[in-house]
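Remarks on the overall topology
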Amino acid sequence: MATINDNYLKLPGSYLFAEIARRVAAYKEAHPEADIIRLGIGDVTQPLPQACIEAMHKAVDDQAKAETFHGYGPEQGYSFLTEAIIKNNYTDRGIEIAPDEIFVSDGSKSDCGNIQEIFGLANKVAITDPVYPVYLDTNVMAGRTGELQKDGHFEGVVYLPCTAENNFAPALPKEHVDMLYLCCPNNPTGTTLSREELTKWVNYAKENETVILFDAAYAAYITEEDVPRSIYEIPGAKDVAIEFRSFSKTAGFTGTRCGYTIIPKTVKGRAADGSLVSFNKLWNRRHTTKFNGTAYIVQRGAAAIYTEEGQKQVKELVSYYMENARVIREGLKAAGLEAYGGVNAPYIWLKTPKNMSSWDFFDKLLTEANIVGTPGAGFGPCGEGYFRLTAFGSHENTKRAVARFAKLKF
Ligand code: MLT
């Protein structure tokens, strides 16, 4: 009989957002009349920018004629998209990225999850706590961790606590780590790392030969000047960091799917024979073997965000959600709750009142206010006592949710 990958058995039953969806569905079945407002999973609600729609319609027409038809494209992405990304997000910000250092994909979640495949299994992994579950779960699946302990930590993983006490900025690990996941602006806390903080991390990585896996999916939401949009704004980062970016939150592509990963050729790891090998080379091998490219139509849509119109529309979209973030943050504070984030990110991280557990708070919100959020404990042990709300709802639902919060008794 075939055997299974036993590492999967180390994981808790279901993925965080699948578990939330299950609980909400059960509640809805028992209370079909409930008018539920969903501020749980970070899924966008507003339509795609018009520039993307038009570009995709045109791309569909291209597919209707033999002369403009596109079959398999380059696995790494069409140059009409990669060149636009490099120019707008890197060259114009003083960062040099070569055309063969970018890999377009069907979204950042896949890349953040798959990247660990090109790293050795003996590598020591560090994650922040709380953390976007994909980084941890995929390393558990790969066998880079031990068992889940009673305290909610996986054996063999270095956890870097991020709480209100340290302003959600993790301290450097006390022990050597090989792979380090950072997410900035942060999911779930909605907070950011300043240029100075990030410099500290890049220096650590250089001294320790660590690779930083930098998730910048929410970069478009940064409003403050001191927060780097890309880790490559930090001197030396091109030797130690891989960066993930997404069109999901930037341009409403959660259901359309497009993202990209930057792997500078200077980021290297050691092979068993002691030689240095570029991760770019390995990822290119993996990408071309396991992936056949993002759909032409989707890439045309993504490229349209870099047109003048597209840029304007994307900014409007981001402002729309950031207005929700402001409404939530201020509404929570007016209700007497401690709230963080929401200034450079579409997430608001709140302290549960009276030290209520985050799943108890989830139940209270769902049953008494019909609001769905995400319990902080689902993101790691240090998320216990916190709760995440997203700014991705409609204005109307966001205001209704805040009005319901104001009526809750804690
Ligand atoms: C979230 O709610 O954390 C996001 O939807 C995660 C994701 O983008 O996969």
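Above this note sits the structure.
Summarised in this report is the structure supplied together with it. Please read all numbers here as calculations on a predicted model, not as lab measurements.

It is worth spelling out empty space enclosed by the protein at this point. Under the criterion given, the structure shown has two cavities of 30 Å³ or more. Considered as a void within the structure, the largest cavity measures approximately 100 Å³ in volume. In terms of lining residues, the largest cavity is bounded by Thr128, Pro130, Cys162, Phe168, Pro170, Leu182, Cys183, Asn186, Thr189, Thr191, Thr192 and Leu193. Looking at side-chain class alone, the lining of the largest cavity contains seven nonpolar, five polar and no charged residues. Empty space within the second largest cavity amounts to approximately 40 Å³. Surrounding the second largest cavity, Leu39, Ile328, Gly331, Leu332, Leu389, Thr398, Ala401, Val402 and Phe405 form its lining. Looking at the lining of the second largest cavity, the element that brings in the most residues is helix H12 (residues 395-407), giving four residues. Of the residues assigned to the lining of the second largest cavity, the class counts are seven nonpolar, two polar and no charged.

The next subject is the sheet that holds strand S12 (residues 347-351). Pairing in this open sheet of four strands is antiparallel, and the strands run S11-S12-S15-S14 from one edge to the other. Since the sheet does not close on itself, it has two edges, and those belong to strand S11 (339-341) and strand S14 (374-375), each with one partner. Note that S14 and strand S15 (residues 386-390) share two bridges and pair antiparallel. By the bridge assignment, threonine 374 is partnered in S15 with arginine 388. Along the sheet face, helix H10 (residues 308-334) touches S11, S12 and S15 and points at about 10 degrees away from the line of S12.

Taken together, Glu54, Glu308, Glu309 and Glu316 make up a surface patch of like negative charges. Counting residues per element, the negative patch draws most heavily on H10, which supplies three residues.

With that settled, consider the layout of surface pockets. Reported here for the largest pocket is a volume of approximately 770 Å³. Taken together, 33 residues make up the lining of the largest pocket; nearest its centre are Pro12, Ser14, Pro133, Asp137 and Gly378. Looking at the lining of the largest pocket, the elements that each hand over two or more residues are helix H1 (16-30), helix H4 (108-114), strand S3 (125-129) and helix H5 (133-142). It is H5 that contributes the most residues to the lining of the largest pocket, seven residues altogether. Grouping the constituent residues of the lining of the largest pocket by class yields 19 nonpolar, ten polar and four charged.

What counts, and where the lines are drawn
- Residues numbered from 1 in each chain as written.
- Predicted model: local features only at pLDDT ≥ 70, side-chain atom pairs only at ≥ 80, totals over all residues.
- Heavy atoms only, no water.
- 1 Å grid on protein atoms, 1.4 Å probe; cavity = no way out; pocket = protein on both sides within 12 Å on 5 of 7 lines; lining within 4 Å.
- Points joined across faces, edges and corners; volume = space filled by probe spheres on them.
- Nonpolar A, V, L, I, M, F, W, Y, C, P; charged D, E, K, R; others polar.
- Helix = DSSP H or I, 4+ residues; strand = E, 2+ residues; numbered from the N terminus.
- Pairing = 2+ DSSP bridges.
- Contact = heavy atoms within 4.5 Å.
- Axes fitted to C-alpha atoms, helices over the stretch in contact; angles between N-to-C directions.
- Patch = residues over 30% accessible without salt bridge, like charges linked within 9 Å, V, L, I, M, F, W, Y side chains within 5 Å.
- Areas by Shrake-Rupley, 256 points an atom, 1.4 Å probe, with all protein chains shown as cover.
- Salt bridge = Lys/Arg side-chain N within 4 Å of Asp/Glu carboxyl O.
- Lys, Arg positive; Asp, Glu negative; His and termini not counted.
- Charge placed at Lys NZ, Arg CZ, Asp CG, Glu CD.

Everything listed here is a matter of geometry and, on its own, says nothing about what the molecule does.
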